[in-house]
Amino acid sequence: GAPPSCGAAMAAGQVVAAGSAEHFQQLLQHKERALVVVHFWAPWAPQCTQMNEVMATLAKEHTQVTFVQLEAEAVPEVSEKYEISSVPTFLFFKNSQQVDRLDGAHAPELTKKVQRHASSSSVSAGSNDSAKEDLNVRLKKLINAAPCMLFMKGSPKEPRCGFSKQMVEILNRHGISFSSFDIFSDEEVRQGLKTYSNWPTYPQLYVAGELIGGLDIIKELEASGELDTVCPKAQKLEDRLKSLINKAPVMLFMKGNKQTAKCGFSKQIVEIINNTGVDYETFDILEDEEVRQGLKTYSNWPTYPQLYVKGELVGGLDIVKELKESGELLPVLKGEN
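Within any chain, residue numbers begin from 1 and follow the written order of that chain's sequence. In keeping with the predicted nature of the model, local features appear solely for residues at pLDDT of at least 70, side-chain atom pairs appear and are counted solely at 80 or more, and the whole-chain, interface and lining totals rest on all residues. Note that water and hydrogens are dropped before the side-chain values are worked out from all heavy atoms of the structure.

Peer 1: What's the story with the sheet that holds strand β12 (residues 306–309) in this structure? I'm lost.
Peer 2: Here, strands pair whenever DSSP counts at least two bridges between them. Secondary structure elements are defined from DSSP: runs of H or I of at least 4 residues count as helices, runs of E of at least 2 residues count as strands, and each element is numbered from the N terminus. Overall, mixed pairing links the four strands, which are arranged β11-β10-β12-β13 in an open sheet. Two strands close off the open sheet at either side, each with one partner strand: β11 (281–284) and β13 (312–315). Direction aside, the axes of adjacent strands within the sheet are offset by 30° on average. Direction of pairing for strand β10 (residues 250–254) relative to β11: parallel, over a ladder of four bridges. Residue pairing across strands places F253 opposite F283, the latter belonging to β11. Strands β10 and β12 of the sheet are contacted by helix α11 (residues 264–276), whose axis makes an angle of about 160° with β10. Only the stretch in contact is used when a helix axis is fitted, and all axes are lines through C-alpha atoms; the angle between N-to-C directions ranges over 0 to 180 degrees. Residue contacts are counted whenever heavy atoms from the two residues lie within 4.5 Å of one another.

As structure tokens, then:
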């Protein structure tokens, strides 16, 4: 059947094609509190054709939901407004507000989201407030997950938008140590953070839990030379690892501590070292993700526990067991070898 013209009345159980930005707006406002699912698609992409079929099936099952197809390149002002960078992308609206998003051709995921949002249309305001509170707690934790946190599209290795890519390049160029969060991986965070920080776009950079800003602000800070004073430097991690490794003549990086080892290997290595009577200090890598990841690269040793004597890596549990069996462990720990 031919798609209905703009003025045609909407039939339940059918997918509607939005031919213009105005028509799209009308569709969003068409039903109060009802769910509107919009498929941003392109005729040249086979996975879009496939998802259109999935939508047609869903439309028959969920007659109270409005399903809309919008050709992304034909209505660019809508695609730009909602940051559609690839097809297929699905947006979910209630009361003209975007409530969810799905990037890519995931039929099971689309079905799940439609079911969830279609059934939650009548949620009372009370439960919504507690959900908001939980989200804010989560956002606060994420923002403070590292001294320097970047919320971006994609990952530093694979940025999924030009602005995120530029941001990563600037931070790397200045040797700034940062952790990142892919907002595509979590629609709740993506929408919630905009409100939480009152900043509508991504990427967003936070230092010590405070929003610094987006790409333009970072570019300004770089131009004025202030960026290096604002953000913690990456070589600090290397310096930190060096000083940790040299904190005591014998240093053990482990899961947990001397009193409570939090993995079998750490427990065994602690028992072996305790039996030598040599004094040593421990560092709990579970408490510090930056050290945990950084030390693997720094010492080129992928697992824990790791034992260092006088700043040099001795090795992990297997090597310590071998040294114990050959009688060399005590001299090694005393730094006599």
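Peer 1: I'm lost on helix α4 (residues 107–119) in this one. Help?
Peer 2: The α-helix winds at 3.6 residues per turn, so residues separated by three or four positions along the chain end up facing the same way. Helices are assigned an expected span. That span is 1.5 Å times one less than the residue count. Taking 1.5 Å per residue, 13 residues should reach 18 Å; α4 reaches 18 Å between its end C-alpha atoms and fits that length. Of all the residues in α4, the buried ones are L110, K113, V114, H117 and A118. Around the axis of α4, the buried residues are gathered within 120° of arc, so they sit on the same side. Among the exposed residues of α4, those oriented more than 90 degrees off its buried face are P108, K112 and S119. Where the residues of α4 are buried, they touch β2 (35–41), α2 (46–61), β3 (66–71), β4 (89–94) and β5 (97–103). When accessible area is computed with a 1.4 Å probe and restricted to protein chains, residues below 20% of their type maximum are described as buried, those above 50% as exposed, and intermediate ones as partly exposed. Note that the arc is computed from the directions linking the helix axis to the C-beta atoms.

Peer 1: I would appreciate a short explanation of helix α13 (residues 317–325) in the present structure.
Peer 2: For α13, the full list of buried residues reads L317, V320 and L323. With its buried residues spanning 125° around the axis, α13 presents them on a single face. Seen from the open side of α13, the exposed residues pointing more than 90 degrees away from its buried face are D318, E322 and E325. Its buried side turned inward, α13 meets α11, β12, β13 and α14 (329–333). Looking one or two residues past α13, G327 carries a phi angle of roughly 80°, positive in sign.

Peer 1: Help me out: how do you make sense of the packing of helix α6 (residues 162–173) against helix α8 (residues 215–224) in this one?
Peer 2: If you want to describe how two helices pack, look at the angle between their axes and the distance between the axes. Following both chains from N to C, one finds α6 and α8 inclined at 30°, their axes separated by 10 Å at the closest point. With respect to each other, α6 and α8 are oriented roughly parallel. Our pair here, α6 against α8, has a crossing hand that is left-handed. Taken together, the residues of α8 that come into contact with α6 (itself represented by F163, Q166, M167, I170 and R173) are L215, I218, K219 and E222. Classes in brief: Ala, Val, Leu, Ile, Met, Phe, Trp, Tyr, Cys and Pro nonpolar; Asp, Glu, Lys and Arg charged; the others, Gly included, polar. Each residue belonging to the contact of α6 with α8 can be placed in one class, and the counts come to five nonpolar, one polar and three charged. Any angle that is under 35 degrees is reported as roughly parallel, and any over 145 degrees as roughly antiparallel; angles of 65 to 115 degrees are reported as roughly perpendicular and all others as oblique. Throughout, a crossing is termed right-handed when the near helix is turned clockwise from the far one, and left-handed when it is turned anticlockwise from it by less than a right angle.

Interpretation note: all reported values are geometric properties and have no functional meaning in isolation.
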